[in-house]
Amino acid sequence: MVKAICIRQPWAWLILHGGKDIENRSWATKVRGRVLIHASQGMTFDEWNDGVAFARLARDGLGHPPVTIPGAKNIERGGIVGSVEIVDCVTASTSPWYMGDVGFVLRDPRPLPFVPMKGRLGFFDVPHEVLAQLGTAR
């Protein structure tokens, strides 16, 4: 089975398009390798606004130019939006994206065509019919 992890927006978008190389969590994982990114359905305007503001600081810290994040009403939510490789799980990092107790170190983000589906907490198995819709784009 292919695993996915549900991430709130705009953080999922930032992983795929904005250079976010750490996913912050309060729990550790032994999962390694490619996982699908599910953009959760829920998102408040304050969450979107906080993410945009934090992205500016993090990208400035890396010397990267600003990115234009889709607006709160236009950003994809409630489905698979891409995949990323998890290469480590750390309790400290020099990445400006690190701000938690635990960070999943990410690399090689790949945006995918949006496929709607319900998310779940933690890592979860993606149904075969969703994988079929994604085809070989993974």
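Computed from a predicted model, the values in this text were never measured in an experiment.

## A short note on the nonpolar core
1) Next: If you look at the biggest cluster of nonpolar residues, it comprises 31 residues, and the most contacted ones within it are Ile 5, Ile 7, Leu 14, Ile 37, Ile 69, Trp 97 and Phe 104.
2) Next: Contributing elements (two or more residues each) for this core: strand S1 (3-7), helix H1 (11-17), strand S3 (33-39), helix H2 (45-61), strand S4 (79-90) and strand S5 (102-116).
3) Next: Here this core takes six residues from H1, the largest share from any one element.
4) Next: Apart from the residues within four sequence positions on either side, Ile 7 is in contact with Ala 12, Ile 15, Glu 23, Arg 25, Ile 37, His 38, Ala 39 and Ser 40.
5) Next: With 12 residues, the next largest nonpolar core counts Ala 4, Leu 36, Leu 112 and Val 126 among its residues.

## A closer look at the pairing of S4
1) Next: Of all 12 residues in S4, nine are buried; the element is thus mostly enclosed.
2) Next: When S4 meets S5, the two strands line up antiparallel, connected through nine bridges. Bridge assignment links Glu 85 to a residue of S5, and that residue is Arg 107.

## Remarks on the sheet that holds S3
1) Next: Strand order in the open sheet made by the six strands is S2-S5-S4-S3-S1-S6, with mixed pairing throughout. The open sheet is flanked by strand S2 (22-25) and strand S6 (123-125), the only strands paired with a single partner. On average, each strand axis in the sheet is inclined to that of its neighbour by 45°, with strand direction left out of account.
2) Next: Bridging between S1 and S6 involves three bridges; their strand directions are antiparallel. Each residue of the ladder has a partner; that of Lys 3, found in S6, is Asp 125.

Parameters at a glance
Each chain has its residues counted from 1, running along the sequence as written. Local features in a predicted model are, by the rule used here, given only for residues with pLDDT of at least 70; side-chain atom pairs are given and counted only at 80 or more, and totals for whole chains, interfaces and linings are based on all residues. Based on all heavy atoms of the structure, the side-chain values leave hydrogens and waters out of the count. What is meant by a nonpolar core is a set of buried Ala, Val, Leu, Ile, Met, Phe, Trp, Tyr and Cys residues, joined one to another through side-chain atoms within 4.5 Å. Burial classes follow relative accessibility: with a 1.4 Å probe on protein chains only, a residue under 20% of its type's maximum area counts as buried, one over 50% as exposed, and anything between as partly exposed. A run of DSSP states H or I qualifies as a helix once it reaches four residues; a run of E qualifies as a strand once it reaches two. Both are numbered from the N-terminal end. What makes two residues a contact is simply this: any of their non-hydrogen atoms within 4.5 Å. Only strands joined by at least two bridges in the DSSP assignment are considered to pair. Lines fitted to C-alpha atoms define the axes, with helix axes restricted to the stretch in contact, and inter-axis angles between N-to-C directions lie between 0 and 180 degrees.

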